[in-house]
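# Residue-level structure breakdown
Each chain is listed here by its residues.
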Amino acid sequence: MIKIADLITEEMQQAFRKAGYETSYGRISLSNRPDLCEYQCNGAMAAAKAYKKAPFIIANDVTVQLEDSEILEEVSVVSPGFINLKVNREFLAAYLNRIQQDEYLSIEKVKEPRTVMIDYGGPNVAKPLHVGHLRSAIIGESLKRIGRYMGDKVIGDVHLGDWGLQMGLIITELKELQPELVYFDSDYIGEYPEEAPFTIGELEQIYPAASAKSKEDEAFKEKAMEATHQLQQGNRGYIALWNHIMNVSVTDLKRNYKKLDVEFDLWKKESDAQPYIPDMVQYMKDKGYAHLDQGALVVDVKEEDDTKEIPPCMILKSDGASLYNTTDLATIVERMKLFQPDEIIYVVDKRQELYFTQVFRCARKTKLIDEETKLTFQGFGTMNGKDGKPFKTREGGVMRLETLIHEINEEMYKKIVDNRSVKDKDARKTAEIVGLSAIKYGDLSNQASKDYVFDIDRFTSFEGNTGPYILYTTVRIKSILNRYAEEGGKLQKGNIQSAVSESEKALMLEAAKFNTVVETAYEEKAPHKICSYVYDFANAFNRFYHETKILSEDNEEQKESWISLLNLVREILETCIDMLGFSAPERM
Ligand code: ARG
């Protein structure tokens, strides 16, 4: 559907034209004085210079043309020449009825769907999932859902980190703990056991222990590097172990992401890109893109107008080993081959920005990527604790994601039980649903690139700009609609009548903005814009709700209209929160 702001703009442009001025002055914006008007047009000020006339006169000329407008019910000129606009109530009601009948609630799907890959999550196998990975999962999932709603073909890829030193560390530590395991017997030629020689709990002990050891014990680190090398060269026993590590770890990761309601289409891993490396390196050499620099193979990526130094992209170390870079470049090759994406979005900690600048430039320069394919780095800031430092456990360690979710859910549970609106048996489940909204909304309501403070007390509050407040509002609407249905009422679409109060009109105007907000949020990859929209929307609804006796209204037509409106508000809110990656319970 055409956006309401575009319809108003069109109306204003015609008025400028009829009054003898250029249409381009008819641009409008949302009012910055909502107490005075809903939209405003400042075009008369700009036109004053061009036509050498007082802006007030121009504004008046234009206003005269709008006397019979069906879109605007109030047009007033304020000194020195602002045109204040109020939307016609009947027009607004009709617009809302159209939204309600529209399959996508007024959203205009993209004309030519693009294939967009989102690289997010990025956990590292065998290392516990910790809060550092939380933001990537939450932001990426939301971008994916928004993109799908807009009609693009979006493929989410978890891009598991399974190719680093961590594997060698685990193998080496395991060898010290259990040297008798058959995986370490180089003469063994039989089948390896199907069962892993460790549980996820044990695996999570092994890695930190090995990692700590490698920092103090040089010999241990050497061994781990050697083990990593052997694994990459195809040592049978190590590969069998690697498979166990992968299975145990991935099962655990999937369980965790499920709790977060985050779902990946692809579970690709860094190791999947390795087969593409030899050909890619050869190609870079043959084409003369890569050259040797102190034994290492590099591609220069600096550009003339760089204001800071962008170091060359290293493809192979002097010992011939590949790097994180190499894997990412080979992954681009693989993605181009398998999916031909129009865009790849990387949702990664913003501290990796320079790194991605190098990788992207290298991929472009060496033409690994089609010219039309966009590479986007969507960097996010750090999640800090209340002390302003990166979020830690009370003991000062890295907080595991599971622990964090557990803490939030406990807090939510307490609050819900205090409210006593839900029977105890449902309270646990409800706490999980609302807890997830607290975590995700707490994250997404900030602009992704900024750091933010993870504040459990604030995030779990039912008041203020929080997930639970949005859900509380949604549940409130659902319960009115349920009561209406229980009293024998039928939910009908398209019965919305003109607003009878200011608060009702304000609510309707918010509903009319839905398409604009989602489109902008997608264009700018900015889920926080959807958050601030649902917050305004929920506030507008609550204001209306407190002023209006809906179910006890005697006039049936009026009541039906409000129910219809509420149903639309509910649909829009639920669609928005789904795009943010959570959902509303039936009761709270
Ligand atoms: N595993 C990486 C990390 O924990 C994140 C991966 C990001 N994606 C990528 N294509 N490099 O830092």
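Our subject is the structure that appears above.
Residues numbered from 1 in each chain as written. Predicted model: local features only at pLDDT ≥ 70, side-chain atom pairs only at ≥ 80, totals over all residues. Heavy atoms only, no water.

## Description of the pattern of salt bridges
What counts is decided by this rule: Basic side-chain nitrogens of Lys or Arg form a salt bridge, by our definition, when they fall within 4 Å of a carboxyl oxygen of Asp or Glu. Think of it this way: any DSSP run of H or I at least four residues long counts as a helix, any run of E at least two long counts as a strand, and we number them from the N terminus. Exposed residues in this analysis have more than 50% of their type's maximum accessible area, buried residues have under 20%, and partly exposed residues fall in between, with area computed by a 1.4 Å probe over protein chains only.
Under the defined criterion, the tally for this structure stands at 43 salt bridges. Glu-173 is paired through a salt bridge with Lys-213; the nearest N and O atoms lie 3.0 Å apart. On the criterion of sequence distance, the pair formed by Glu-173 in helix α6 (residues 165-177) and Lys-213 in helix α7 (residues 200-216) is long-range, its members being 40 residues apart. Take Glu-173: its relative accessible area is 6%, and that puts it in the buried class. With relative accessibility at 28%, the residue Lys-213 sits in the partly exposed group. We note a salt bridge from Glu-303 to Arg-361, for which the minimum N-O separation is 3.5 Å.

## Observations regarding the site of the ligand
Test applied: The cutoff for a nearby residue is simple: one of its non-hydrogen atoms must lie within 4 Å of the molecule or strand. Here a polar contact is taken to be a pair of N or O atoms separated by no more than 3.5 Å, where protein atoms must pair a possible hydrogen donor with a possible acceptor and residues adjacent in sequence count only if both atoms sit in side chains. Areas reported here follow the Shrake-Rupley algorithm with a probe of radius 1.4 Å; residue values treat only the protein chains shown as occluding.
Taken together, Asp-119, Gly-122, Asn-124, His-133, His-159, Tyr-324, Asp-328, Tyr-346, Val-348, Gln-352 and Phe-356 form the complete shell of residues around the ligand. Contacts to the ligand include Asp-119, whose side-chain N or O atom sits 2.9 Å from a nitrogen atom. With respect to the ligand, the side chain of Asn-124 contributes an N or O atom lying 2.8 Å from a nitrogen atom. Notes on the ligand: free accessible area 350 Å², of which the protein chains cover 87%. Those elements giving two or more residues to the shell around the ligand turn out to be α12 (324-339) and β10 (343-349).

## Some words on α7
Residue pairs spaced three or four apart in an α-helix point in one direction, given the helix's 3.6 residues per turn. Test applied: Here, expected helix span is obtained from the residue count minus one, scaled by 1.5 Å. Taken from the helix axis, the directions to the C-beta atoms give the arc we talk about. We call two residues contacting when some pair of their heavy atoms lies within 4.5 Å.
Taking 1.5 Å per residue as the helical rise, α7 with its 17 residues ought to reach 24 Å, and the 25 Å between its terminal C-alpha atoms agrees with that figure. Among the residues of α7, those classed as buried are Leu-203, Glu-204, Ile-206, Tyr-207, Ala-210, Ser-211 and Ser-214. One side of α7 holds all its buried residues, which, seen down the axis, span an arc of 160°. Within α7, the exposed residues directed more than 90 degrees away from the buried face are Gln-205 and Glu-216. Considering only its buried residues, α7 is in contact with α6, α8 (218-233) and α9 (236-259).

## Overview of the environment of Thr-520
In this structure, Thr-520 sits in helix α19 (residues 514-523). We classify Thr-520 as partly exposed; its relative accessible area is 22%. A sequence separation of ten residues divides Thr-520 from Ile-530, and the C-alpha atoms of the two residues are 9.1 Å apart.

## Notes on the nonpolar core
Most often, soluble globular proteins have nonpolar side chains that are buried together. Selection criterion: Here, nonpolar core refers to any group of buried Ala, Val, Leu, Ile, Met, Phe, Trp, Tyr and Cys residues whose side-chain atoms link them within 4.5 Å.
In this structure, Ile-8, Met-12, Leu-96, Phe-454 and Phe-514 are the most contacted members of the largest nonpolar core, which totals 155 residues. In terms of residue count, the dominant contributor to this core is helix α21 (residues 556-580) (twelve residues). Among residues more than four places away in sequence, those in contact with Ile-8 are Ile-28, Tyr-39, Ile-71, Leu-72, Leu-85 and Val-87. In this structure, Met-280, Val-281, Ile-369 and Phe-377 belong to the second largest nonpolar core, which totals 34 residues.

## Quick word on the pairing of strand β4 (residues 82-87)
Applicable threshold: One bridge is not enough; two strands pair if DSSP finds at least two bridges between them.
Counting buried positions over the six residues of β4 gives five, a clear majority of the element. Sheet analysis places strand β2 (residues 39-41) next to β4, joined by three bridges and oriented antiparallel. The residue of β4 that forms the bridge with Cys-41 is Ile-83. Here six bridges tie strand β3 (residues 72-78) to β4, and the two strands are oriented antiparallel to one another. Bridge assignment links Val-77 to a residue of β4, and that residue is Ile-83.

## Remarks on the sheet that holds strand β8 (residues 296-299)
Note the following rule: Between N-to-C directions, angles span 0 to 180 degrees; the directions come from axes that are lines fitted to C-alpha atoms, helices contributing only their stretch in contact.
Taken together, the three strands give an open sheet; going across it, the order is β7-β8-β9, and neighbouring strands pair in antiparallel fashion. The open sheet has two edge strands, β7 (290-293) and β9 (313-316), and neither has a second partner. In this sheet, adjacent strand axes meet at a mean angle of 45° when their direction is disregarded. Relative to β9, β8 is paired through three bridges, and the arrangement is antiparallel. Bridge pairing in β9 links Val-299 to Cys-313.

## Details of the packing of helix α17 (residues 467-486) against α21
The condition is simple: Crossing handedness is read from the near helix: turned anticlockwise from the far helix by less than a right angle, it gives a left-handed crossing, and turned clockwise, a right-handed one. Any residue that is not Ala, Val, Leu, Ile, Met, Phe, Trp, Tyr, Cys, Pro, Asp, Glu, Lys or Arg is counted as polar, Gly included; the first ten are nonpolar and the last four charged.
Packing of α17 against α21 leaves a shortest axis separation of 10 Å and a crossing angle of 145°. For the crossing formed where α17 meets α21, the hand is left-handed. Contacts between α17 and α21 involve Ile-470, Leu-471, Thr-474, Ile-477, Lys-478, Ile-480, Leu-481 and Tyr-484 from the first element and Lys-559, Glu-560, Ile-563, Leu-566, Asn-567, Val-569, Arg-570, Leu-573, Glu-574 and Ile-577 from the second. Split by residue class, the contact of α17 with α21 holds eleven nonpolar, two polar and five charged.

## Focus on the packing of helix α5 (residues 134-149) against α19
Basically, it comes down to this: Note on angle classes: values under 35 degrees are labelled roughly parallel, values over 145 roughly antiparallel, values of 65 to 115 roughly perpendicular, and the remainder oblique.
As a packed pair, α5 and α19 sit with axes 10 Å apart at the nearest point and diverge in direction by 125°. In terms of orientation, α5 lies oblique with respect to α19. The handedness of the crossing between α5 and α19 comes out as left-handed. On the side of α5, the interface is formed by Leu-143, Ile-146, Gly-147 and Tyr-149, while α19 contributes Phe-514, Val-518 and Tyr-522. In terms of residue class, the contact of α5 with α19 is made up of six nonpolar, one polar and no charged.

## As for α9
Along its 24 residues, α9 runs 35 Å from first to last C-alpha, staying within 8% of the 34 Å computed at 1.5 Å per residue. Capping the start of α9, Asn-235 holds a side-chain oxygen 3.1 Å from the backbone nitrogen of Gly-237, two or three residues further along. Note on α9: the residue one or two positions beyond its end, Asp-261, has a positive phi of about 55°.

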